Amino acid sequence: MRYSYYPGCTLKTRAKELDRYARLSAAALGAELEELPEWQCCGAVYPMAKDEIATRLSAVRALMSARDLGTTLVTVCSACHNVLKRANEDLKADENFRTKVNNYVAPEVPYAGEAKVIHYLEMLRDEIGFDAVKEKVVNSFKGKKIAAYYGCLLLRPGKVMAFDDPENPRVIEDFIASIGATPVLYGQRNECCGAYVTLEDKAQAQKSARRILDSAKAAGAEMIVTACPLCMYNLTANAPEGAVPVKYFTELLAEALGVKEVQA
Amino acid sequence: MSGHVNLKDTVLEISGVNPRKCMQCGKCSGTCPAYGEMEYHPHQFVTMVDRGQIEKLMASPSLYRCLACMACLERCPRGVEPAKLVEAVRLLVIRQQGQNHMTGDDIPEKLDPELPQQAIVAALRKYGK
Ligand code: SF4
Ligand code: SF4
Ligand code: SF4
Ligand code: SF4
């Protein structure tokens, strides 16, 4: 199966491993990720005001390009996914936004949200299937207690993202189980890590990180997995001493599939 | 006084929020991870916008402590979406000439080698124009 792929700016820089392991694992699972020929940074946070048009255009352009290629668009970074998905859903629902965007970009074929955009975890769950993942595992994480960290952007707003149950998600736990490990549930798995506020007030971000990390530790987690480079930053750089270590889910996937050391 | 009315209208228009739907249950504030850092909590934003106290909100550091995590928006039983009000009021401030809360010039001293690009992009989007 072929997919369009939107890596986003952070996966090209600070989070290169997240990207590399995502590509290696997809290839091992028979999914061909083809990076969009041209894309710009999506802006990282979705502008919520109705009159913000220009700030949403780079996301719209990526969506249009996936529509033209005729393939489902896959994202990995939670933030990119939130921006692209919300822009697409708003294009479907908000006529004023749709008209302005089409007038501004003037695409050959008008765009009304036809692209399908899914997160890599949705590709694993809905397209490849966790059973198929399980069959390809060569290095099982059997016995390892791993906690999922969803954060906020994958899940919310729940009606728009339609990713999983926003209050009781399970896709990452199912992923953890598929690589042989034991998923650990804890209260803070879908509460925010502090996000960009780390640049405004580090103490606030440290407080958020501690709340999450303490909650995972108390539940017996030996490791936490995330999909987002900013979650990764907040849960490591803003973590208290002796906190549970955090990994990208794609790294564990690549390791489980035995492709971690492959040179792409 | 007419100035207040205009500000309120702008906030309601760009946010798309109807504060009248709020029943003051406080669930949004109860779930807000920035509760301790915000002078005005999400349910207060809703009431204050409804009362037209926009200038008070515009002067509050609370605008820069909201994480846009959408917990308040997700968990409000009345679909009020307080996060959109916080964003709209913040935009009223930073869209004014010279009122950016953070600019590219502020970034270098805040950089650390692990910081992901998206944090910088996000902060500049949220705190400036
Ligand atoms: S969310 Fe981030 S990493 Fe993703 S493209 Fe957008 S800004 Fe860049
Ligand atoms: S948890 Fe933090 S980085 Fe992660 S999605 Fe929320 S704000 Fe983003
Ligand atoms: S949760 Fe909704 S109804 Fe309750 S106080 Fe907050 S905005 Fe009002
Ligand atoms: S979006 Fe802002 S106000 Fe709402 S819960 Fe999150 S931090 Fe609090």
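Residues numbered from 1 in each chain as written. Chains lettered and ligands numbered in written order. Predicted model: local features only at pLDDT ≥ 70, side-chain atom pairs only at ≥ 80, totals over all residues. Heavy atoms only, no water.

Participant: Quick question: what am I supposed to make of the site of ligand 4 here?
Facilitator: Residues in close proximity to ligand 4 include B:Cys32, B:Pro33, B:Ala34, B:Pro42, B:Cys66, B:Leu67, B:Ala68, B:Cys69, B:Met70, B:Ala71, B:Cys72 and B:Ala83, which together make up its full environment. Residues of the shell around ligand 4, tallied by class, amount to 12 nonpolar, no polar and no charged. (Near = heavy atom within 4 Å. Nonpolar A, V, L, I, M, F, W, Y, C, P; charged D, E, K, R; others polar.)

Participant: Whenever I open this one, the pattern of salt bridges confuses me. Can you help?
Facilitator: Working definition: two side chains of opposite charge can pair if their charged atoms are close together. One pass over the full model with this rule turns up 28 salt bridges over all chains. A:Asp174 is paired through a salt bridge with A:Arg170; the nearest N and O atoms lie 2.9 Å apart. The exposure class assigned to A:Asp174 is partly exposed, which follows from its relative accessible area of 24%. The class for A:Arg170 is exposed, based on a relative accessible area of 52%. Across the pair B:Lys84 and B:Glu81 runs a salt bridge whose closest N-O atoms are separated by 3.0 Å. It is possible to trace a salt-bridge network through shared partners that takes in A:Lys12, A:Asp19, A:Arg23 and A:Glu35. (Salt bridge = Lys/Arg side-chain N within 4 Å of Asp/Glu carboxyl O. Buried < 20%, exposed > 50% of the residue type's maximum accessible area, 1.4 Å probe, protein only.)

Participant: What am I meant to see in the domain arrangement of chain A here?
Facilitator: Interface size is commonly expressed as the accessible area that is lost once the parts come together. Residues and elements named next belong to chain A. Taken as a whole, chain A is organised into domain 1 (2-120) and domain 2 (136-257). Of the roughly 1,800 Å² buried at the junction of domain 1 and domain 2 (both faces included), carbon and sulfur atoms supply 76%. The largest per-residue losses of area from domain 1 upon contact with domain 2 belong to Leu-18, Tyr-21 and Ser-78, which jointly make up 28% of the total buried on that side. Here domain 1 is connected to domain 2 by zero salt bridges. On inspection of domain 1 and its partner domain 2, the count reaches four residue pairs in polar contact (both at pLDDT 80 or more). Along the lines of polarity and charge, the residues of the side of domain 1 that touches domain 2 split into 12 nonpolar, six polar and four charged. (Domains from an automatic or database assignment. Buried area = accessible area lost by both parts, 1.4 Å probe. Polar contact = N/O pair within 3.5 Å; in protein donor to acceptor, adjacent residues only side chain to side chain.)

Participant: Mind showing me how you'd approach the interface of chain A and chain B here?
Facilitator: Counting residues at the interface gives 48 residues for chain A, matched by 42 residues for chain B. Across the chain A/chain B interface, buried area totals approximately 3,900 Å², and carbon plus sulfur atoms make up 57% of it. It is A:Met48, A:Tyr196 and A:Leu199 in chain A that bury the most area against chain B; as a group they hold 22% of the surface buried on that side. The interface formed by chain A and chain B includes six salt bridges. Where chain A packs against chain B, one counts 25 residue pairs in polar contact (both at pLDDT 80 or more). Those elements giving two or more residues to the side of chain A that touches chain B turn out to be helix 3 (78-93), helix 9 (202-218) and helix 10 (229-236) of chain A. At four residues, the largest contribution of residues to the side of chain A that touches chain B is made by helix 9 of chain A. When grouped by side-chain class, the residues that make up the side of chain A that touches chain B number 25 nonpolar, 10 polar and 13 charged. (Contact = heavy atoms within 4.5 Å. Helix = DSSP H or I, 4+ residues; strand = E, 2+ residues; numbered from the N terminus.)

Participant: When you look at the sheet that holds strand 2 (residues 32-35) of chain A in this model, what are you seeing that I'm missing?
Facilitator: Hydrogen bonds between backbone groups are what pair the strands of a sheet, and the pairing can be parallel or antiparallel. Residue and element names in this part refer to chain A. Pairing is parallel across the open sheet formed by four strands, whose spatial order is 2-1-3-4. Two strands lie at the open edges of the sheet, namely strand 2 and strand 4 (117-119), each paired on one side alone. Ignoring strand direction, the axes of neighbouring strands in this sheet form an average angle of 40°. In the packing of helix 5 (residues 120-128) onto the sheet, contacts are made with strand 1 (2-6), strand 2, strand 3 (73-75) and strand 4, and the angle to strand 4 comes to roughly 90°. (Pairing = 2+ DSSP bridges. Axes fitted to C-alpha atoms, helices over the stretch in contact; angles between N-to-C directions.)

Participant: Just to check I follow, could you spell out helix 5 of chain A for this structure?
Facilitator: Helical geometry: 3.6 residues make up each α-helical turn, so side chains three or four residues apart lie on a common side. A:Tyr120, A:Leu121, A:Glu122, A:Met123, A:Leu124 and A:Ile128 are the residues of helix 5 of chain A that are buried. Downstream of helix 5 of chain A by one or two residues, A:Gly129 has phi in the positive range, about 95°.

Participant: Is there a simple way to explain the domain arrangement of chain B in this structure?
Facilitator: All names here are of chain B. For chain B, the assigned domains are domain 1 (7-96) and domain 2 (102-129). For domain 1 and domain 2, the distance between their C-alpha centroids amounts to 24 Å. Across the boundary between the two partners, domain 1 contributes seven residues, which contact four residues of domain 2. For the domain 1 and domain 2 pair, buried surface summed over both sides reaches about 520 Å², with 52% attributable to carbon and sulfur atoms. Considering only the side of domain 1, the residues that lose the most area to domain 2 are Tyr-64, Arg-90 and Ile-94, jointly responsible for 68% of the buried surface there. Taken together, domain 1 and domain 2 are joined by one salt bridge. The shortest N-O distance in the salt bridge between Lys-126 and Glu-87 comes to 2.5 Å. Inspection of the domain 1/domain 2 interface yields four residue pairs in polar contact (both at pLDDT 80 or more). Residue classes in the side of domain 1 that touches domain 2 are distributed as three nonpolar, one polar and three charged.

Participant: I tried to follow the side chain of A:Glu251 on my own but got confused; where do I start?
Facilitator: Residue and element names in this part refer to chain A. Within the fold, Glu-251 resides in helix 11 (residues 249-257). Only 2.7 Å separates the side chain of Glu-251 from the side chain of Lys-260, close enough to count as a polar contact. Those residues in contact with Glu-251, other than ones at most four positions away along the chain, are Tyr-21 and Lys-260.

Participant: For this particular structure, what's the right way to read the nonpolar core?
Facilitator: Where a protein is soluble and globular, its nonpolar side chains tend to be buried together. Of all hydrophobic cores here, the largest spans 148 residues; its most connected members are A:Tyr120, A:Met123 and A:Leu124. The dominant element in this core, judged by the number of residues it contributes, is helix 6 (residues 82-94) of chain B, at nine residues. (Core = buried A, V, L, I, M, F, W, Y, C linked by side-chain atoms within 4.5 Å.)

Participant: When you look at the environment of B:Gln117 in this model, what are you seeing that I'm missing?
Facilitator: Its place among the elements puts B:Gln117 in helix 7 (residues 117-127). Apart from the residues within four sequence positions on either side, B:Gln117 is in contact with A:Cys9, A:Thr10, A:Thr13 and A:Arg14. Side chain to side chain, B:Gln117 and A:Thr13 meet in a polar contact 2.6 Å long.

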